[in-house]
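Commentary on secondary and tertiary structure
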Amino acid sequence: MTTSLQYSDVEQAAARIEGAAHRTPVLTSTTFDARANANVFFKCENVQRMGAFKFRGAYNAIARFTDAQRAAGVLTFSSGNHAQAIALSARLAGIRATIIMPKDAPALKVQATKEYGGEVIFYDRYTENREEIGRRLAEERGMTLIPPYDHPDVICGQGTAAKELFENAGPLDVLLVPLGGGGLLAGSALAASGLAPDCKVIGVEPEAGNDGQQSLRKGEIVHIGVPDTIADGAMVTHIGTHNFEVIRRRVDDIVTVSDAQLVETMKFFAERMKMVVEPTGCLGAAAALHGVTQVAGKRVGVLISGGNVDLSRFAQLVGA
Ligand SMILES: *Cc1c(COP(=O)(O)O)cnc(C)c1O
């Protein structure tokens, strides 16, 4: 059984996170517009609390906990940004958080998760199943598992970013959304269904991991191996069930960009807009910048999903 999520669910999430999450800025760049030959509006979730949109979904999910759930705490598995989002949201709610992270997660993300007070348990993403570990530990400890994307409250929380973008940027023809497990894309699709019925919603994933594209075309969730890409926030092997239910209903297309195109886009943001954007955060913008999807002459919304990248890694990628 999958729930049929609606725009009204995103509205309720927006009310729950108001005052806790930042209403992030929407920026434009004449240089980017000239290169893309379009009118582009960037929703800057790289300056959201903890550095990514994931705060929205995590906070929304924890805000709905009962007293009994709060007493036992929250548990999750994540390669990075969702870990930080859960750790920070748990701290704000005054509850315990346990986070299962891959051994090779970016150091910055591990460190921030610990600093927010999360208990970190490591696993090997190539040989161990994090969903199994998560379910077992949650049961042993009585904690509530909030997965990074396949959860209605997470999806609706993530959808508030696109809701704000539609409210601030005015009518849009196309919305480009980074895609990993599909929390942000499904939430954005719900926001579009309520606020911008004519806007095309397009997911953008790394070329090395086009499981979302395959899934949309096949009409069923396709599983792949762990993709080899610099977009560490999109190294997922399949999109979620709740996510796919929304995505197949309202998403128009899923396209892919290469790691080289992501690096070009990171450089653009740093040089021209003075912004640090992590590789995964560049997925949507890269599709517009490199003409991967038709944007000429259009009003285009781009979700910049996050900015958490180790500075040394950033320098290495942009060749500084
Ligand atoms: C998690 C994440 C994504 C992918 O989001 P999903 O909801 O898993 O599709 C994209 N960008 C960043 C920065 C992320 O942290």
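Residues numbered from 1 in each chain as written. Predicted model: local features only at pLDDT ≥ 70, side-chain atom pairs only at ≥ 80, totals over all residues. Heavy atoms only, no water.

1. A short note on the site of the ligand
Using the following cut-off: Whether a residue is near a molecule or strand depends on its heavy atoms: if one lies within 4 Å, it is near. Any N or O atom pair separated by 3.5 Å or less is treated as a polar contact, with the protein-specific requirement of one donor-capable and one acceptor-capable atom, and with residues adjacent in sequence counted only for side-chain atom pairs. Computed with the Shrake-Rupley method and a 1.4 Å probe, the accessible areas treat only the protein chains shown as cover for residues. Only protein atoms enter the 1 Å grid used here. Points where a 1.4 Å probe fits but cannot escape make up a cavity, open sets with protein on both sides within 12 Å along at least five of seven lines make up a pocket, and a residue lines them when an atom lies within 4 Å of a point. Think of it this way: if more than half of a molecule's atoms are within 2 Å of a pocket's grid points, that molecule is in the pocket or cavity.
With respect to spatial proximity, 16 residues lie near the ligand, and among them Lys54, Asn81, Gly180, Gly182 and Ser305 are the closest. The side chain of Lys54 places a nitrogen or oxygen atom 2.7 Å from an oxygen atom of the ligand. Between the ligand and Gly181 there is a distance of 2.8 Å, counted from an oxygen atom to a backbone nitrogen or oxygen. Out of a free accessible area of 380 Å², the ligand has 97% covered by protein chains. Its atoms largely coinciding with the cavity grid, the ligand occupies the largest pocket.

2. Digging into the sheet that holds strand β4 (residues 97–102)
Formally: Two strands are counted as paired when DSSP detects at least two bridges linking them. In this text, helices come from DSSP runs of H or I with a minimum length of four residues, and strands from runs of E with a minimum of two, each type numbered from the N-terminal end. Contacts were defined at the residue level, with two residues in contact if any of their heavy atoms lie within 4.5 Å. Angles shown run from 0 to 180 degrees and are taken between the N-to-C directions of axes, each axis being a line fitted to C-alpha atoms and, for helices, limited to the stretch in contact.
Across the sheet, four strands lie side by side as β5-β4-β3-β6; this open sheet has parallel pairing. Both edges of this open sheet fall to β5 (119–123) and β6 (144–145), since each of them pairs with a single strand only. Bridge count for β4 against β5 is five bridges, and the pairing is parallel. The partner of Thr98 across the bridge, within β5, is Glu119. Set on the sheet, helix α5 (residues 81–93) makes contact with β3 (74–77) and β4; between it and β4 the angle comes to about 170°.

3. Some words on the pairing of β3
In the case of a regular strand, side chains alternate between the two sheet surfaces. Condition: The cut-offs for exposure are 20% and 50% of the maximum accessible area for each residue type, with area from a 1.4 Å probe on protein chains only; residues under the lower value are buried, those over the upper are exposed, and the others partly exposed. When the strands point away from the viewer, a crossover counts as right-handed if the path from the first strand over the helix to the second runs clockwise.
Of the two faces of β3, the one lined by Val74 and Thr76 and the one lined by Leu75 and Phe77 are each fully buried. Direction of pairing for β3 relative to β4: parallel, over a ladder of four bridges. Note on β4: the bridge partner recorded for Val74 is Ala97. What joins β3 to β4 is α5, and the crossover it makes is right-handed. Pairing of β3 with β6, which is carried by two bridges, proceeds in the parallel orientation.

4. Considering the layout of surface pockets
Heads up, the rule is: Grid points are joined across faces, edges and corners, and a volume is the space filled by probe spheres set on the points.
By volume, the largest pocket is sized at about 620 Å³. In this structure, the largest pocket is lined by 39 residues; those nearest its centre are Ser79, Arg130, Tyr149, Met235 and Val236. Taken together, the elements giving at least two residues each to the lining of the largest pocket come down to α5, α7 (130–141) and α9 (183–195). The biggest single contributor to the lining of the largest pocket is α9, with three residues.

5. What about the environment of Leu303?
With respect to the secondary-structure elements, Leu303 resides in strand β10 (residues 299–304). Classification of Leu303 as buried rests on a relative accessible area of 1%. Taking the C-alpha atoms as reference points, Leu303 and Pro178, 125 residues apart in sequence, are found 7.1 Å from one another. With residues up to four places along the chain from it excluded, the contact list for Leu303 reads Lys43, Ala161, Ala162, Leu176, Val177, Pro178, Leu184, Ser188 and Gly281.

6. Re unusual backbone geometry
In this model, Met50 sits at a positive phi of 60°, which is unusual for a non-glycine residue. Take Met50: it is sitting in the loop between β2 (39–44) and α3 (54–63). Note on Met50: relative accessible area 7%, which makes it buried.

7. Description of the packing of aromatic side chains
Rules: Pairing of aromatic rings covers Phe, Tyr and Trp, the last counted by its six-membered ring, and requires centre-to-centre distances within 6.5 Å; plane angles under 30 degrees mean stacked, over 60 mean edge-to-face, and any other angle means tilted.
Counted by the stated rule, this structure contains five aromatic pairs. For the pair Phe32 and Phe268, a centre-to-centre distance of 5.3 Å together with 75° between the ring planes defines the contact as edge-to-face. Taken together, the residues Phe32 in helix α2 (residues 30–36) and Phe268 in helix α12 (residues 259–273) connect sequence positions 236 residues apart. Both residues of the pair, Phe32 and Phe268, count as buried. Note on Phe268 and Phe269: the rings are 6.2 Å apart at their centroids and 75° apart in plane angle, and the pair reads as edge-to-face. What makes Phe269 buried here is its relative accessible area of 0%. Grouping aromatic residues by their ring pairs yields a cluster made of Phe32, Phe42, Phe268 and Phe269.

8. Looking at helix α11 (residues 241–250)
Within α11, seven of the 10 residues are buried, which leaves it mostly tucked inside the rest of the structure. The set of residues buried in α11 consists of His242, Asn243, Phe244, Glu245, Val246, Ile247 and Arg250. Contacts made by the buried residues of α11 are with α8 (152–169), α9, β8 (200–206), α10 (211–218) and β9 (253–257).

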